[in-house]
Amino acid sequence: MKKSTIAAVVIVVWGIASVMIGIKDPMLVLYTGFPGWMAATVIAYFLCAQEEKEEKSRAGGKGGAVK
Amino acid sequence: MIPKVIAIVYLIALLGVGFMYKAGVKTRLDYYVAGRKLTPLVLGLSFATAVTGVWSYIGAPGSGYAYGVPEFASFAAWIPGVAIVAFIWAPRVRKKAAELGTTSFTGFIRDAHGGGYALTALISIVTMAAYVLTFVAALKGLGVMFSPVLGVSYVPALLICGVVIIVYSLMGGLRAVVFTDIVGLGFMCIAFGVTVWLILSQGGIGAVAARINDFNPELLHPPTGAPYGATMAGIWISFLVMYVFYQALPHYWHYYISLGETTNKGAAIFTLVATASVCMVPFFIFVGMAGHVLLPGVLEDADTVMPMIFQAYTNPVVFGLFSIGVFTAIMTTFDGSLLATTACVDELFLPLYEKHGQTEAQKLRWGRSIMVVLWAVAVIWAVTSPPALMVQLLVLGWVGLSAVVAGPTLCYFIKAGTKWGAFFAILVSLIVLVVLSVRGLLGWIEQAFVALAVSIAVYYIASAIERKVSPAS
């Protein structure tokens, strides 16, 4: 599975979880909203950045082989 | 005195921003979409401020004060919508807009559907009608909020703020709008810091919640989802669906078509910065609810709860910064939507420009003239009407607008419809929304939800009929 797909899954899973938390008790979003969303989006950022880095190094490696 | 000095320095700095970007504006592409070169980071910061804007400071705490916890649903549902936009829709909209060479929301829908003048006129007029109310509400907000800060009455305060906004928007176009939005985010962070300090100084979330519960348990445990819907679970789910489509609002769409080349990493940065700012909003809502126990008496206008709390609990410097924050919040809502609406209305006159062989510089001048006319209409309306904030109606109007255009915007990327499919989707869903609103049927978010479903259904049904009648469509 691509890392950007895992990133999207992390955001979707937390999105659904946060709405379910809200339905159960809206006040809980004050405790879980900020840290939960920050953690999910930071993880997504690092996964996407890592994927981009790997793609670049793979493209660089292929370029070297052609030469 | 200190808030007044801070306000005057800030207004002068805004004019400086306009001058700074003036030289870079040579064409309509530069003016309306900043040459389509905005980076995901810049766009995310600006989008976040435009998205939360006046709602975060004024509307959301006001709703918390008036209705309690239901407003939390709007915050929580917003972020998944932002993430979907960043990863899926914004890159696609950007790519298609670059292919079509469009510089407006109207132009995008028209060109993507191969539509003609009827579609251009409908989208431009609906957008203009919805946003003129936004401009009036924003100008009224500026007049009411800045009258005490500047030490002048309502009308001069409105005119001073309004003139500053139109001058820097006319000079710098989208670049000036985006830059001032990002500055606004800085002030929002200050307001967030003060809000957290205020909650902690009152004993923390638990202690404040206990006091709110003692005052009125229904604020924390409402029996229904009023004013948005019948049940709490219903509004959480409705908001979640609605906010995915809410991202198709014309002035948000305008940001997507202004985006430069982007990648998944860019989308993640966009989501991260936009999410960070939206996450501040629940704390503002909570403080709004706490207004009942932090302020004496009952407020006539719930939208004034945040300014009243900041005035009562902070020193003049912090209150001055907060006032500037309110100004930037209203301003970011106003300038971005004014520019996006101008771009839409400008499309109405494109055939005339072509007919009379207008040069690029002349077209740009006409565009700026349209902006001045829209601004002037809003100023006259705001000056002659009694001052009131109307923030919640403004946001709800946008929810309705995003529902009406849902078919030909985001659904276009799932399966493209035809020009008459797009035309009738907007027209029929608009009629349904107006009828539901006038007759007072269903809750506000539920009305928009119905209009959304109608827009999508009519988009595909009318498109299928058009293809059957005219297979070349």
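Note that this is a predicted model, so its numbers are computed, not measured.

The rules we used
Residues numbered from 1 in each chain as written. Chains lettered and ligands numbered in written order. Predicted model: local features only at pLDDT ≥ 70, side-chain atom pairs only at ≥ 80, totals over all residues. Helix = DSSP H or I, 4+ residues; strand = E, 2+ residues; numbered from the N terminus. Rg over C-alpha atoms; globule rule 2.2 N^0.38 Å. Contact = placed C-beta atoms within 7 Å. pLDDT = per-residue confidence, 0-100. Nonpolar A, V, L, I, M, F, W, Y, C, P; charged D, E, K, R; others polar. Axes fitted to C-alpha atoms, helices over the stretch in contact; angles between N-to-C directions. Parallel < 35°, antiparallel > 145°, perpendicular 65-115°, else oblique.

**A look at the overall build of chain B**
Item 1. Looking only at helices and strands, chain B features 19 helices and 0 strands.
Item 2. The globule rule puts the C-alpha radius of gyration for 473 residues at 23 Å, and the 22 Å found for chain B is close to it.
Item 3. Taking the principal axes of the C-alpha coordinates as reference, chain B spans close to 65 × 50 × 45 Å.
Item 4. Intrachain contacts of chain B at a sequence separation of at least 6 include 84% that bridge at least 24 residues.

**Here we look at the confidence of the model for chain B**
If pLDDT is low for a region, its predicted coordinates should not be looked at in detail.
Item 1. Taken over all residues, the pLDDT of chain B has a mean of 85, while the share at 70 or more is 97%.
Item 2. Within chain B, no element has a lower average pLDDT than helix α17 (residues 391-404) of chain B, which sits at 73, and none a higher one than helix α8 (residues 204-215) of chain B, at 94.

**Focus on the interface of chain A and chain B**
One frequently used descriptor of interface size is the decrease in accessible area upon assembly of the parts.
Item 1. Taken residue by residue, the interface counts 25 residues in chain A and 29 residues in chain B.
Item 2. Of all the elements in the fold, those that place two or more residues in the side of chain A that touches chain B are α1 (3-24) and α2 (28-66) of chain A.
Item 3. Looking at the side of chain A that touches chain B element by element, the count peaks at 14 residues for α2(A).
Item 4. Considered class by class, the residues forming the side of chain A that touches chain B number 17 nonpolar, 6 polar and 2 charged.

**Description of the packing of helix α4 (residues 71-100) of chain B against helix α11 (residues 250-257) of chain B**
All names here are of chain B.
Item 1. α11 packs onto α4 with a crossing angle of 70 degrees between their chain directions and a minimal axis gap of 8 Å. Taken together, α4 and α11 sit at an angle that is classed as roughly perpendicular. The segment α4 lies against α11, with W89, A90, V93, R94 and A97 engaging W253, Y256 and I257.
Item 2. Classifying every residue of the contact of α4 with α11 gives 7 nonpolar, no polar and 1 charged.

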